Amino acid sequence: MEQSSDIIIFFGRFHPLFLHLPIGFLALGFLMEFMSRREKFSYLKPAIGFVLGLGALSALLTAILGLMLAQAGDYGEELLFIHQWSGILLVLFAFGTWWLYGQKEKKASLKINRAYLGSFSLMMVFLAVAGHYGGSLTHGANYLTQYLPNGIKQLAGMPVEEKGPKLIENLDEAVVYTDIIHPIMEIRCNSCHNASKKKGDLQMHTREALLKGGENGPIFLAGNATESEMIKRIHLDPNHDDHMPPKGKSQLTDEQVLLLEWWINEGAPFDKKVAELKADQEVQSVLLTLADPNANKSAVEILLAEGTTAPDQEKLRAYAEKGISVKALSNDSNWLQVTLYKKDSVDQVLEKLAVDFPEQITWLDAKDTPLTDAGLAAVGKMKNLTRLRVEKTRISDAGLAHLARLEYLESLNLYGTEVSDAGLEHLAGLPNLRRLYAWETGISKEAVAEFIATGGKVDINLGYEVNVIDSLNVEVKPVAVNN
Amino acid sequence: MSKRISLADEQRFRYLQSKTRRHFLKQCTTGLGALALGGMMGCQRSPGLEASGQKVESLLRQVPHFAPKAKRIIYLHMAGAPSQLELFDYKPELAKLDGKDCPQSLLEGKKFAFIQGIPKMLGPQAVFRPRGESGMMVSDNLPHFSTIVDDVTLIKTMHTDEFNHAPAQLLLQTGSPRLGRPSMGSWVTYGLGSENEDLPGFMVLVSGGNTPDAGKSVWGSGFLPSVYQGVQCRSEGDPVLYVTNPSGMDGSLRKQTIDAINRINEKEYQEFGDPETLTRISQYEMAYRMQTSVPEVMDIKDEPAYIHEMYGTEPGKTSFANNCLLARRLIEKGVRFVQLFDWGWDMHGVAERESLDKGLTIKCKPVDQAMTALVKDLKQRGLLDETLVVWGGEFGRTPMQENRGGREWPYKGRDHHTEAFPIWMAGGGVKGGFTLGETDEIGYYGIKDKVHVHDLQASILHLMGMDHEKFTYFAQGRDFRLTDVSGKVVHKLFA
């Protein structure tokens, strides 16, 4: 039984291959019929019968293959019904038209001619209907209109879809299944598991269908994501036959998988709200992005992602010619990174850079150069600066005052400079400062403790104490012992 | 005193002297015709050649695909493959199986380098403790490393395709188990160029008494222009062979010699258009600059005493510790990729030196101290944010005891194992105190978040701001990339 149904489906899958033959033949026949009425193309007339014959026979073969494919049961019954019967009628009318053509050639009569043309036209109607519903079965009902411009959709009175995922306004009140899980399935699963198409006898478009599962039984085990068929298949090697979504289709992101697993682990509820389910930190941070895509990003990350205006290429070239390293941070943005060396006259160069690229410079490396406070004054004007390396330079406490308005400064390297606790005070107002390197400076542990106590989120590194441990004296037992 | 005339000028002068009009007419009859024909048929030097043979200066302007997290890499390759079961992968269940026969299911369809018949399971030969705020399990073989776990991302589920050292090292470092592909360091310097005009962008330091089994190909440039190959430095004697002037030759004479050679090479290039000639020219220029820059950077005597104590370095010796300190100094100077190889991690248990309970502990001691010092030192200098440190071997080791020749050995050892091995990374945009992946109860297979060698390469390139699928080089008739035809960026690693 199993064997025979396999071979039937094997042949059935040739249906999508063969179906283009009758479409082509019959449409060609129709075209020839009308073209041949003109004197210029009358030579086509004798060939019409041959084309119709080919069309009818290939339509019959296609229909048989189609019936075999339907055995697989992957398709929604409603659409399949229309497709199947319009296809069968198409075959009947194709043979009818062919036969009438033959009759017409034998003895021309008005009656036969009319019947022939009527049959031909009806056949073309069934061809269009069967073709359209076949397409809907394979690609989904909205395949044709999905990318129709929204303006035309509105004119035609069709529902207009929002571009991109919809943001959730009130996260706590959002229903997990309806607002989070269903939309994921809609974009990643439903093109093959929907009302009209049910690959593997599985539909995923409604709650009932999800609970019912597919030909191998339920697709998830409420409360246990790892044992759920759906999750197992998502984690299979992408080249594995059972991997979902199949190779070549858009894949789920790590975050989407995490949400699906979370929902199943929490018992796969259909009506619970986000606030009613437990979510660990990882899930929580992903959930936050559903309400605000920038939720987990720092102000600096948002700034860098937003971009800046294009720098003047002419000026960039001038710096390059002088051998000063002003480079794009990356090929996909206008941000600039500047690296200065001992040989450069740093203070003057910085003054010029602050005028030429006040918005574009975001990384500046002036380590181990003759930089002084005068140069720092220029640096203070580079308002989108996020990383600043001025270690081993001649800057002083007073110079740091110039940096007080760099609101995006995230990383500052002062190691090996003369700055002291007094200089640290100038940095207190920097809202995005996260890393400060102050090893071998005058900055004291006490000042650092105070700085952090006043609410700074900054990680200040004052260097490490040398602590050599003799690992050979640590007792090593032959078998592992937990502490 | 007459002005000294350079070799090149002298050669040209003599050549011109010997040429007469008669020579020209005699020799050039076919030449002129061929020249004319070539011109008519549009034969010119192909424009692509120049692009690949850029001079070093222009390399300084290469820009990544997207904003990078890391600007430089230090790759610490433990050649021979350290045992994960005695260092990072805590398996109490394996301890219970110690001495029992290995189940047949683990042996079926597997190839081992030395294991024969049915081996016995071998419990962990080390004590593990949770360390740091993250509670990462680390063995007592690595007491220093235990203090930096919160700066480290540990991948427990690396896996590879090769179970012998040389092909596995090649696969890890070049993306292919066979010879001929450019190494990771060559790719990175080819893509991003150097940040220091006076030093090579890719430098290699070797310790442990041997070069890696795969030989120098693990830092070769393959089909990339050879200017991108790793430059090996020694920490004993001349750091680079023949970098100092021979006796009787001063700097200016050396400069003149190099200028003369370069002029000849430039003529050669104009005539044949071979990009390797440009590489040669820039290498000569680089070598001249390296005469001052290399001895300066390679001399660790000027480091303060506490730094030597921290790393465990002894100036003048060849050791992993010295190489770690040198790596930091090179990174400080803007070298793009520093590759360290430390030989001697192949603990098969056929001698005490190769035993897990003694040899490994002794091997770990200086390495643990130096690698930890490197991470801390980079951090206190503010370099760790921009520098990715990667540590690991080319594969892992079996949970079974090796029974080479079918016999029992007096020492505890493990065979090569491809299915699960660890790699840790620090800085350069990876998470701190984070462990990726889980292995099964005996550390045989990865069961969650497996990371293939190509995935690691893709992720490292990603951190450097490069898309491993777009970053290609045309050679032998097709585009090549470091990750061959696979590799997936592991976003979970990134902070």
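Residues numbered from 1 in each chain as written. Chains lettered and ligands numbered in written order. Predicted model: local features only at pLDDT ≥ 70, side-chain atom pairs only at ≥ 80, totals over all residues. Heavy atoms only, no water.

Regarding the interface of chain A and chain B
Thinking step 1. In this assembly, 44 residues from chain A lie in contact with 49 residues from chain B.
Thinking step 2. Summing the contributions of chain A and of chain B, the shared interface buries around 4,100 Å²; its carbon and sulfur component is 53%.
Thinking step 3. The interface formed by chain A and chain B includes 4 salt bridges.
Thinking step 4. Where chain A packs against chain B, one counts 15 residue pairs in polar contact (both at pLDDT 80 or more).
Thinking step 5. The set of elements that each furnish at least two residues to the side of chain A that touches chain B consists of β1 (325-328), β4 (387-389), β5 (411-413), β6 (435-437) and β7 (459-461) of chain A. (Contact = heavy atoms within 4.5 Å. Buried area = accessible area lost by both parts, 1.4 Å probe. Salt bridge = Lys/Arg side-chain N within 4 Å of Asp/Glu carboxyl O. Polar contact = N/O pair within 3.5 Å; in protein donor to acceptor, adjacent residues only side chain to side chain. Helix = DSSP H or I, 4+ residues; strand = E, 2+ residues; numbered from the N terminus.)

Structural notes on the confidence of the model for chain A
Thinking step 1. Considering every residue of chain A, the mean pLDDT works out to 87; 95% of them sit at 70 or more.
Thinking step 2. Long-range and interchain partners of residues 476-483 of chain A, a stretch whose pLDDT sits below 50, account for 23 contacts in this model, where long-range means more than four residues apart. (pLDDT = per-residue confidence, 0-100.)

Some points on the domain arrangement of chain A
Often, the extent of an interface is quoted as the loss of accessible area on bringing the components together.
Residues and elements named next belong to chain A.
Thinking step 1. According to the domain assignment, chain A consists of domain 1 (2-150), domain 2 (176-291) and domain 3 (313-461).
Thinking step 2. Look at where the C-alpha atoms of domain 1 and domain 2 centre, and you get two points 39 Å apart.
Thinking step 3. Contacts between domain 1 and domain 2 engage 9 residues on the former and 7 residues on the latter.
Thinking step 4. Buried surface at the junction of domain 1 and domain 2, both sides included, amounts to about 720 Å², of which 38% is carbon and sulfur.
Thinking step 5. When the buried surface of domain 1 facing domain 2 is broken down by residue, D74, Y75 and G76 rank first, second and third, together holding 51% of it. (Domains from an automatic or database assignment.)

Quick word on the pairing of strand β7 (residues 337-343) of chain B
All names here are of chain B.
Thinking step 1. With 6 of 7 residues buried, β7 is to be regarded as a mostly interior element.
Thinking step 2. Sheet analysis places strand β1 (residues 72-79) next to β7, joined by 7 bridges and oriented parallel. Each bridged residue has a counterpart across the sheet, and for A79 the counterpart in β7 is W343.
Thinking step 3. The pairing of strand β5 (residues 202-207) with β7 spans 6 bridges and is parallel. Bridging across to β7, S207 finds its partner in D342. (Buried < 20%, exposed > 50% of the residue type's maximum accessible area, 1.4 Å probe, protein only. Pairing = 2+ DSSP bridges.)

Describing the side chain of B:E354
Residue and element names in this part refer to chain B.
Thinking step 1. When you line up the elements, E354 lands in the loop between β7 and α12 (359-380).
Thinking step 2. The side chain of E354 sits in the buried core without any salt bridge; R353 is the nearest counter-charge, 4.1 Å away.
Thinking step 3. Once you skip the residues sitting within four places of it in the chain, E354 turns out to touch D346, M347, H348, G349 and K412. (Lys, Arg positive; Asp, Glu negative; His and termini not counted.)

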